[in-house]
Amino acid sequence: MRSAAVVGTGLIGTSIALALRGRGVTTYLIDTDPESARTASELGAGIAGSPREPVDLAVIAVPPQYVAAALREHQQRALAHDFTDAASVKEQVQQEAARTGCDLTRFVGGHPMGGREQSGPLAASADLFHGRPWVLTPAPQTRAQTVERARKLAELCGARPVMMTQAEHDQAVALVSHTPHLVSSLLAARLLHGEQSQLGISGQGLRDVTRLAGGRVELWTDILCTNAVAVADVLAEFSHDVALMVETLRALGTARKPEQGSASKDRLASVLLQGVQGRASITACSTDGADTSRTYATAPGRV
C-alpha cells in the first residue's frame, strides 16, 4: 500500500494516519472540520486535503451513524480504490451502507480495538494500536483485494488482524467494550450522590473502574444506540448478577449467627473468585492468540 486517505481526524483517524506516515505511506487527511485536519497534519499525520488521484485505501474514521453517508460520498468522488472504516459497530453500519447504495464489493468493515478516554487529534498516537486486535468483517460480496488491503492497514499500524462476521463482532464488543463503558458510567454517576468528605478519601481503585466514564458523551451515545440490543442483553445478565449480590449482602448483614450466613458468604466468595478468573481470562486470550488467529484464507467475504 503506497497511499491512503483518512476521513475523520479525531483520536482514531489521526492515530491511524500517524502510524501510516511512520511506515512511509503517503496519507491524506479529510475532515468536515478543516481545523482538525490541519492540526493532524501539523502533528505529522499527513497532507490536509483530498488527493488528485484515487489512493489505494480510504479509512472512514467517523462515528457509526455517519459511516454510510461518508462512504457513499467518497466512493462517488472516487477517493480510493478500496474502503474500510474504524467504527465500533458493524452490522447496522453495513445495513445502512447497503440501503444507501454503497459499493460493498470495495468496502470491508474494520474496527481497531484500541483507544483512550481522551478525544481529538491532539490525543492521537502512532502506537495506539500496537499489539492490539483489529477486527475485519468482510461481507460475502467483498473483494479479496479489499480485504487484503484492510489487513495490510492493520499490520502497518502494528495490530493483529482478526476476522469475524458482523454479528459476532457486535456481540463481542457489547461484552468487552460497550457494556463495560456503560457500567463504568453508571458507577461514576453514583458518585454524584456522595458527600465531599466521602469522595475525598477515594483512591486509585475508584479512578481505575471509572476511567472509561470519561469518554466523549456524543460518541458513546451514538455507539450504544447503534449496538443497543447486544448491549441490553449483556446488561440484563449483569443486572441479574447484581440483584443476586444485593440479596446475598442483605442476608449477610441480617444474619444473627455466623452459621446462618455461611451460604451467603460462600456465594460472595464464589463471585469474587469468578471475578479473579474472569480478569485472568483477558490476559490469557491476549497472550496466546488462540481466539484471534483466524485469517482470511477462504473465498472473498467468507470467514
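Computed from a predicted structure; not experimentally measured.

A. Representation of the overall build of the chain. Across its full length, the chain carries 11 helices and eight strands. With the C-alpha coordinates aligned to their principal axes, the bounding extent of the chain is approximately 80 × 45 × 35 Å. Taking all 303 residues of the chain together, 40% fall into the buried category. Sequence-distant contacts, at least 24 apart, represent 71% of the contacts inside the chain between residues at least 6 apart. Carbon together with sulfur atoms contributes 54% to the accessible area of the chain, which is approximately 16,400 Å² in total. Charge centroids of the chain, computed over 29 positive and 30 negative side chains, lie 3 Å from each other.

B. Structural view of the packing of aromatic side chains. Counting across every chain of the model gives one aromatic pair. With centroids separated by 5.4 Å and ring planes inclined at 65°, the aromatic side chains of Phe129 and Trp134 adopt a geometry described as edge-to-face. The burial state of Phe129 is the same as that of Trp134; both residues are buried.

C. Spatial organisation of the pattern of salt bridges. What the rule picks out here adds up to 10 salt bridges. A salt bridge links Asp103 to Arg106; its shortest N-O distance comes to 3.6 Å. Arg151 serves as the salt-bridge partner of Glu148, at 2.2 Å between the closest nitrogen and oxygen. Separated by three residues within a single helix, Glu148 and Arg151 lie in helix H5 (residues 144-156), roughly one turn from each other. The class for Glu148 is partly exposed, based on a relative accessible area of 38%.

D. Layout of the packing of helix H3 (residues 64-76) against helix H4 (residues 91-99). Between H3 and H4, the shortest axis-to-axis distance is 9 Å and the interhelical angle comes to 30°. When the axis of H3 is compared with that of H4, the two are roughly parallel. Remark: the crossing between H3 and H4 carries right-handed chirality. Across the interface between the two elements, Pro64, Val67, Ala68 and Leu71 of H3 pack against Val93, Glu96 and Ala97 of H4. Of the residues assigned to the contact of H3 with H4, the class counts are six nonpolar, no polar and one charged.

E. Seen up close, the pairing of strand S8 (residues 160-163). Here strand S7 (residues 133-137) pairs with S8 via four bridges, running parallel. Following the sheet pairing, Trp134 is matched in S8 by Pro161. Considered for its hand, the β-α-β crossover made up of S7, H5 and S8 is right-handed.

F. The side chain of Thr27, seen in detail. Here Thr27 shows up in strand S2 (residues 26-30). If sequence neighbours within four positions are ignored, Thr27 has contacts with Ala4, Val6, Ala17, Leu20, Arg21, Ala45, Gly46 and Ile47.

About the thresholds
- Per chain, the residues get numbers from 1 upward, laid out in the order the sequence is written.
- Where totals are concerned, whole chains, interfaces and linings use all residues; where local detail is concerned, this predicted model gives features only for residues with pLDDT of at least 70, and gives and counts side-chain atom pairs only at 80 or more.
- Side-chain descriptors were evaluated using all non-hydrogen atoms of the structure, hydrogens and water having been removed beforehand.
- A run of DSSP states H or I qualifies as a helix once it reaches four residues; a run of E qualifies as a strand once it reaches two. Both are numbered from the N-terminal end.
- For every residue, the accessible area obtained with a 1.4 Å probe (protein chains only) is divided by the maximum for its type, and the residue is called buried under 20%, exposed over 50%, and partly exposed between those limits.
- The contact definition used throughout considers only heavy atoms, calling two residues in contact when any of these lie within 4.5 Å.
- Areas reported as accessible are Shrake-Rupley estimates using a 1.4 Å probe. Residue values count occlusion only from the protein chains shown.
- We count Lys and Arg on the positive side and Asp and Glu on the negative side, and we leave His and both chain ends out.
- A single reference atom marks each charge: NZ on Lys, CZ on Arg, CG on Asp, CD on Glu.
- The aromatic pairing rule takes the rings of Phe, Tyr and Trp, using the six-membered ring of Trp, and pairs them if the centres are within 6.5 Å, calling planes under 30 degrees apart stacked, those over 60 edge-to-face and the rest tilted.
- We define a salt bridge as a contact between a side-chain nitrogen of Lys or Arg and a carboxyl oxygen of Asp or Glu at a distance within 4 Å.
- Here, axes are lines fitted to C-alpha atoms. For helices the fit covers the stretch in contact, and angles between N-to-C directions go from 0 to 180 degrees.
- For classification, angles of less than 35 degrees are called roughly parallel, those exceeding 145 degrees roughly antiparallel, those between 65 and 115 degrees roughly perpendicular, and all remaining angles oblique.
- With the far helix as reference, a near helix turned anticlockwise by less than a right angle produces a left-handed crossing, and one turned clockwise produces a right-handed crossing.
- Residues are grouped as follows: nonpolar covers Ala, Val, Leu, Ile, Met, Phe, Trp, Tyr, Cys and Pro; charged covers Asp, Glu, Lys and Arg; every other residue, Gly included, is treated as polar.
- DSSP calls a pair of strands paired once it identifies at least 2 bridges connecting them.
- The handedness of a crossover follows from its direction of travel: if, with the strands pointing away from the viewer, the path from the first strand over the helix to the second runs clockwise, the crossover is right-handed.

Scope: geometric values only; no functional claims are made or implied.
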